[in-house]
Every structure is written in C-alpha cells, then in structure tokens.
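# Structural overview for review
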Number of protein chains: 2
Amino acid sequence: MPDSSPGARPTLEAVAVRAGVSRATVSRVVNGGAGVREPLAERVRRAVEELGYVPNHAARTLVTRRNGAVAVIIAEPEFRIFSDPFFEQQVRGISRELTAHDTQLVLLWVEGPGDYERIARYLGGGHVDGALAFSVHDDDELPSVVRRVQVPTVFGGRPGWPGAAGDAGVPYVDADNRGGAREAVRYLLGLGRERIAHLAGPSDQTSATDRLAGYRDVLLDADPGLVAQGDFTEESGARAMAELLERRPGLDAVFAGNDLMASGALRVLRERGLRVPQDVAVVGFDDMASVAETTDPPLTTVRQDIEGMGRLMVRLLMRALNQDGAPGAAPASVITPTELVLRASA
Amino acid sequence: MPDSSPGARPTLEAVAVRAGVSRATVSRVVNGGAGVREPLAERVRRAVEELGYVPNHAARTLVTRRNGAVAVIIAEPEFRIFSDPFFEQQVRGISRELTAHDTQLVLLWVEGPGDYERIARYLGGGHVDGALAFSVHDDDELPSVVRRVQVPTVFGGRPGWPGAAGDAGVPYVDADNRGGAREAVRYLLGLGRERIAHLAGPSDQTSATDRLAGYRDVLLDADPGLVAQGDFTEESGARAMAELLERRPGLDAVFAGNDLMASGALRVLRERGLRVPQDVAVVGFDDMASVAETTDPPLTTVRQDIEGMGRLMVRLLMRALNQDGAPGAAPASVITPTELVLRASA
C-alpha cells in the first residue's frame, strides 16, 4: 500500500483497499454515510482513522455535487438591508457559521417582484447548494420560487404565506415573538400602567403579527384605538406614535414592535415634552445594541438572539444537505427563547 | 417554414433558414456579432426582424456560456459594509445597472485573508460571468485571485497594488481624487485660511493617498504636523482631529479624507467649543447625503458620483464580456470628475 507510506498523503483508494470496500462506499461514508450498512461503515471509518485519511475538497465536491456556496436572500430592497441593523446582525451570524463550514456566502436581495424570475434562474442554475431566506412577506413569491427550483431552503421567521401552516416540510428559525410580547406587556402592567399602546409592525410579516397577538393575549379587552400601524422603520414608529398621541393622549405606556420603531417613538415623545418613563414607559423588541443602548433614555426591550438565529439557520441547512435523500431528511424548525432586558425607558 | 406560422414562436432554425446561414452564425450575430462578416450579419439581422425572433435566454446561455450573474466583491469585513453608506450607494448603482442587463448580483465580502481561498474556489467554479471589486487594499490578494481564476473583473478605485501601474490590462473606474482634493484646498486658501490640516484616509488605499497628494500639490510646503492619519471611519476622524488639535492648536481649516471622517471631526470641534466655520472651516469628500446633509453644520464637500461610478463599472464589465476574445477587448478605465458642493461648514 504505497499510499500509506510516510510522506505521501493517503488516498481514497488506500482507504478502500484497507477496508476491503469499493471507492464509492468510502465516498459515501466520508460524506455522511447515507445508504451504507453499519458494519461496513464502521470498517471504513476505522480505515480512515488508521491511515489518517483527510478527504480532498475537490473530490468531495465531485461526489456530493456540492458548490460550497449558499445564497442568503433578503426579501427587502437594498436600501432597507443597509439601513436596518437587524439584517447586519443576522448576516453576521450566518457569515461566521458558513465560514466555519468552509462555505461561501453570496448575498442576494429583492428590489421588487420583477426580480424573482432572475433569482429563480440563478438558484435553478445550480450555483448554490442551498438558500437562507429572510424577511419574507406573506404574499412573497420567494417560497414558491425555491420550491420550484428545488433548492433546499431554511427560512428566517415563521412562514406566513397562504398554505404555509400545512407546509410541514418548510424548516425555519424564529424567536418566540408571541411569548416575548406577552412578557413585555405583563411587565408594563406590573409597573401599574393602565393604557398600554402597541406600535405594530407590517401586517404581512409573522414577526409583527405574532407580537401583536402576544399583546392581545395579555390585554384581551384592549381598546383597538391603542394600536397603531408601522412597518419596522424608525420613521414609521415616529408617525405611528404621533397618530396614537392624537387619538389617545392619555396613554401611559408603549410596547413597540421593534427597537427602531421604539426609537422613532422616543423622538416624538421628547418633542411633545413627555417624559420617558415617568409619563410614558416604552418597551422595544430585538435588543439591537446599536439602537437600544444609544437611545435617550436607553431602551427596555425584548432580547432575541439575532446572530444566534442566523447560525442556527446555517446548521439546519447543513443538516438538510448532509441528509439529502435519506429518510427523515427534513430538519425540524426551531423557536428560540426571548428575554426582557431592563434599561431606563420602562 | 412552420416556425413562422402565426402563434408559434419563431426559432433560431427559422432565422437560419430565412437568412441562408448556419445556426451557429445566427447565434453569433444574436450574441453580439463577433467574428461574423458584415453582409452576412446584416442578412441575419434582417431575418431576425422579419420573423420577430426573440432570443431564448437558456439557449443564449448555452451559446455564450454565460451564467447571467456577476459577483460584487467588497474587500472589507461585513460590519464595515453595513455601516458605511459609501458602499450602500455604490452597490445601489451597480444593482440597478445589472438589473437593466437582466443579470443577477451576488454580493461577497472579505472578513480576512483566510477567505480568499474559498472566494477563489467560488469564482473559479464558473458561477459568475465576471466580478466587480471594491475597496481593494494595496496588499490585497484579490487582484491575484481574479487573475488566477481568469474571471473578468473591473475594479472600483485606481489599483495600487505592487506592479499595478504597469498592469495596463486592469480596467477600473475612479473619481478624480487628486483633482478634487486640490479644488477643496484651493477653496480653503481662497477663504483666507492659512493653517489647513488634512485628515488622511488609510495609506494602503489609492483613494486616500491620491487625496493626500492633491492636498500636497497645493500646499507644497505644508507643515507635516498638519496631517493626521485615519481609516475612513467616523471614529478615526474624531481621533485624528483630537490629535491635530493637541499638536497644532492654531489650525484654522480641515480638509477631511471623506465625509465620515469630517463628521467625526465636527463632533470633536464642537466638544472643544470651536465654532465651524468661524474658528475652523471643514471640507469633506464624497458628498454622501446621509452624512453631509445631516451634520451640524451641513458639510461643504467634494462630490463624487458614487452611484454613477457603480453603473459605469457594470458597463465596462459588460463591454468586456461581449467582446470576449475579440481584438481590443480590454476596456479602457474611466476617471470621473468631482465637484465642490458648498454648504455651511466652509
């Protein structure tokens, strides 16, 4: 066996000879072991260990037909992606985890529905092994695009598109938005606040509707006039806050759908001469350091582990790719816990 | 000719039959006409028009071996890309122009030198037709990577890596950094300022060194103590400004290497109780709306058309791709003019 001689790097052939199996069997075991009976697989693993065999990347690509690249698709226009620190944090977690898997991240975004034909062509062209999709709106074409081109995809956020509830095969990672919202509202109630308003995020995203549902879980008989609509941007938070103060000037607390909207609300409250938290207590959602720690006053908020969720998405996708074709390949979805972080605003 | 019957979409074959040429010739003409003699090309074009032939995208891909995708590679870590509005603006121009060319943009970035092996594998894997590279530092491996994997690439910014000066085949788009800097400094001189300092950008990027050279063109005998080093971030601008005030408290003007650094400098000047422009006049570089228009006071700055430069990069790349193999294929580089925009800071 010349391949195991000192200095030479042991080859796949050497492993096959030592284990007494075919090269194809070694390949399969090295790449996850799908379809290889256990005693055989064990023999191969022992041979790999004895020879100190290290799989060659190019060879692995040939066998697995992998590109070593994953697309991250954010269903928002470019200006939103670059201005909302939420995406930066999520992409950071993904980027690090993909690097740990020696996989190239390619970022795509969606300026409008007209982009989907081109994106489908790219994904269908076999240039990536899988995709991670974010900020998908309920009427988005993205879920049907990835289904059509058959690219394994993990979603960030609970799918809300029509039929998604029955679509058990769609893996996703989400925070416990509803539970986190309940905790925020209960905390405000515990402070003795009696007219708690909610600045809701976009009604076509489950992260927003789940937080609204959590607010309503606690305040079953809440005055509907205490809920105002925004779209997760700071500007929309300011607008919704102004609207609420017009409609319900006696409000004494605000639970905002995210930190950026809370930041817009704080600005409007300050402009109106209302003191936070004395006159109006404010709670956000996300706990993005660049927002929650820099507002005046700093923001009490519901923390979700945005970076960690990005990492989890990568792990779910990698598991799906490795189990390709094996029974039970569909990875389970994951809901991560939230945590109330207390600062000066409430 | 059944293919030109009403209702049926005319095919490449139908065009070939009508023009009396081979399918290959039709393909070549439809895809830019390289290598087809004029009378023949004209006959094909007439047949295309008469039959109302629309090239099929998939077929075109087969013929041209195009993927319909271009990589945008920013040689900066992810946190810089998402926090510096310069990249957002440049990517915006590129994104729009690529969409106009029905080409998918995939964004890649570089956390560190260790990423280049993976990026080379991705680019060399034939997943994109070309690349646009930005923010390349002088010791960056990126130029050698794209040369090695032979991916047509247009650079944003004048190449400064060793040997780049002789590397005439490297197409790039840049602003007239040196000329713009000269105009800024001459303007400050014209205001009667006598001790004009410069906050320099990173010394391993030509955009920074060219601006410093422009400053020195005008102030041949400038006191070297009036130049402080930064790295194009706001924080570094504040730090460099503080350093300058320590060293040369009598300075009466500052030309900053970019708007972000100017913004950091304004903050420090305000903290020290120095009035802008009465005590110290400040001029920036870039004219990024989100920075220059929102500083206090608003910033006089050298405008470069960042979005337009992004568009130009795409056009140069598309020209290179279409002329592939044809003589004179290497596109020329482009230097775009700058313009001094007057606001309250100087």
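Please read these numbers as outputs of a predicted model, since none were measured by experiment.

Turning our attention to the overall build of chain A. Of the regular secondary structure elements, chain A holds 14 helices and twelve strands. In chain A, buried positions account for 55% of the 346 residues. Residue pairs in contact within chain A that sit at least 24 positions apart in sequence constitute 71% of those at least 6 positions apart. Here chain A has roughly 14,900 Å² of accessible surface; of this, 50% comes from carbon and sulfur atoms.

This part covers the sheet that holds strand β8 (residues 253-256) of chain A. All names here are of chain A. The strand order across the open sheet formed by six strands is β7-β6-β8-β9-β10-β12, and the pairing between neighbours is mixed. Looking along the sheet, the strands with just one partner apiece sit at the ends: β7 (227-229) and β12 (339-341). Each strand of the sheet is rotated relative to its neighbour by a mean of 20°, with strand direction disregarded. The pairing of strand β10 (residues 300-303) with β12 spans three bridges and is classified as antiparallel.

With that settled, consider the relation of the copies chain B and chain A. Placing chain B over chain A gives an RMSD of 0.3 Å and needs a rotation angle of 179°, together with 0.0 Å of translation along the axis. As the rotation angle and translation indicate, the two copies are arranged about a two-fold axis. Comparing interface residues between copies, 100% of those in chain B also sit at the interface in chain A, which points to an isologous, same-surface contact.

Next up on the list: the interface of chain B and chain A. Between chain B and chain A, the residue contacts involve 28 residues of the former and 28 residues of the latter. For the chain B and chain A pair, buried surface summed over both sides reaches about 2,500 Å², with 55% attributable to carbon and sulfur atoms. Per-residue buried area on chain B facing chain A is highest for F82, Q104 and R118 of chain B; these three make up 27% of the total on that side. Linking chain B to chain A there are two salt bridges. Residue R121 of chain B is joined to D102 of chain A by a salt bridge in which the shortest nitrogen-to-oxygen separation is 2.9 Å. For the side of chain B that touches chain A, the secondary-structure elements that each account for two or more residues are α5 (78-83), α6 (85-100), β2 (104-109) and α7 (116-124) of chain B. Looking at the side of chain B that touches chain A element by element, the count peaks at six residues for β2 of chain B. Along the lines of polarity and charge, the residues of the side of chain B that touches chain A split into twelve nonpolar, eight polar and eight charged.

Adjacent strands of a sheet form backbone hydrogen bonds with each other and so pair up, either parallel or antiparallel. Residues and elements named next belong to chain B. Overall, mixed pairing links the six strands, which are arranged β7-β6-β8-β9-β10-β12 in an open sheet. Every interior strand has two partners, whereas the edge strands, β7 (227-229) and β12 (339-341), have only one. The mean inter-strand angle of the sheet, taken between neighbouring strand axes irrespective of direction, is 20°. Two strands pair when backbone bridges link them, and strand β6 (residues 196-200) and strand β8 (residues 253-256) are joined in this way by four bridges, in the parallel orientation.

Okay, helix α6 (residues 85-100) of chain A next. Residue and element names in this part refer to chain A. The end-to-end C-alpha separation of α6 is 23 Å, in line with the 22 Å expected for 16 residues at 1.5 Å each. Most of α6 sits out of view: twelve of its 16 residues are buried. Its side-chain oxygen placed 2.9 Å from the backbone nitrogen of F86, D84 serves as the N-cap of α6. After α6 finishes, the residue D102 shows a positive phi value of roughly 50°.

Here we come to the side chain of S236 of chain B. Residue and element names in this part refer to chain B. Mapped onto the elements of the fold, S236 is located in helix α11 (residues 234-247). In this structure S236 comes out as buried when scored by relative accessible area, which is 1%. The residues touching S236, leaving out its near neighbours within four places in the chain, are G230, D231 and M261.

The subject of this paragraph is the pairing of strand β6 (residues 196-200) of chain A. Residues and elements named next belong to chain A. Of all the five residues making up β6, five are buried; the element is thus mostly covered by neighbouring parts of the structure. Residue alternation in β6 divides its side chains into two sets, I196, H198 and A200 and A197 and L199, and both sets are buried. Of the pairings in the sheet, the one linking β6 to β7 comprises three bridges and is parallel in character. Its bridge partner lying in β7, H198 is registered against V227. At this point the chain moves from β6, through helix α10 (residues 206-218), to the parallel β7, and the crossover so formed is right-handed.

Attention shifts here to the pattern of salt bridges. One pass over the full model with this rule turns up 50 salt bridges over all chains. Between R315 of chain B and E97 of chain B there is a salt bridge, and its shortest N-O distance comes to 3.0 Å. In this pair, R315 of chain B is assigned in helix α14 (residues 306-322) and E97 of chain B in helix α6, connecting sequence segments 218 residues apart. The exposure class assigned to E97 of chain B is buried, which follows from its relative accessible area of 7%. Note that R303 of chain B is salt-bridged to D287 of chain B, the shortest N-O span being 3.4 Å. Within this pair, whereas R303 of chain B is found in strand β10 (residues 300-303), its partner D287 of chain B is found in the loop between β9 (281-286) and α13 (289-292), the two being separated by 16 residues in sequence. Via salt bridges that share partners, E88, R92, R96 and E307 of chain A belong to a single interconnected network.

Our next topic: the pairing of strand β2 (residues 104-109) of chain A. All names here are of chain A. Among the six residues of β2, six are classified as buried, and the element is accordingly described as predominantly covered. Side chains of β2 alternate between two faces, with Q104, V106 and L108 and L105, L107 and W109 buried alike. Note: strand β1 (residues 69-74) against β2, six bridges, orientation parallel. Bridge pairing in β2 links I74 to W109.

Residues and elements named next belong to chain B. One can find R195 in the loop between α9 (177-190) and β6. Classification of R195 by relative accessible area gives partly exposed; the value is 39%. Distance in space between the C-alpha atoms of R195 and L226 is 7.8 Å, their sequence separation being 31 residues. What R195 contacts, discounting residues up to four positions off in sequence, is L226, G250, L251, D252 and A253. Looking at R195, its side chain comes within polar contact range of the main-chain oxygen of G250, at 2.6 Å.

Rules used in this analysis
- Residues numbered from 1 in each chain as written.
- Chains lettered and ligands numbered in written order.
- Predicted model: local features only at pLDDT ≥ 70, side-chain atom pairs only at ≥ 80, totals over all residues.
- Heavy atoms only, no water.
- Helix = DSSP H or I, 4+ residues; strand = E, 2+ residues; numbered from the N terminus.
- Buried < 20%, exposed > 50% of the residue type's maximum accessible area, 1.4 Å probe, protein only.
- Contact = heavy atoms within 4.5 Å.
- Areas by Shrake-Rupley, 256 points an atom, 1.4 Å probe, with all protein chains shown as cover.
- Pairing = 2+ DSSP bridges.
- Axes fitted to C-alpha atoms, helices over the stretch in contact; angles between N-to-C directions.
- Least-squares fit on C-alpha atoms with pLDDT ≥ 70 in both.
- Buried area = accessible area lost by both parts, 1.4 Å probe.
- Salt bridge = Lys/Arg side-chain N within 4 Å of Asp/Glu carboxyl O.
- Nonpolar A, V, L, I, M, F, W, Y, C, P; charged D, E, K, R; others polar.
- Expected span 1.5 Å × (residues − 1).
- Polar contact = N/O pair within 3.5 Å; in protein donor to acceptor, adjacent residues only side chain to side chain.
- Right-handed = clockwise from strand over helix to strand, strands pointing away.

Remember that the coordinates give geometry; whether it matters functionally is a separate question.
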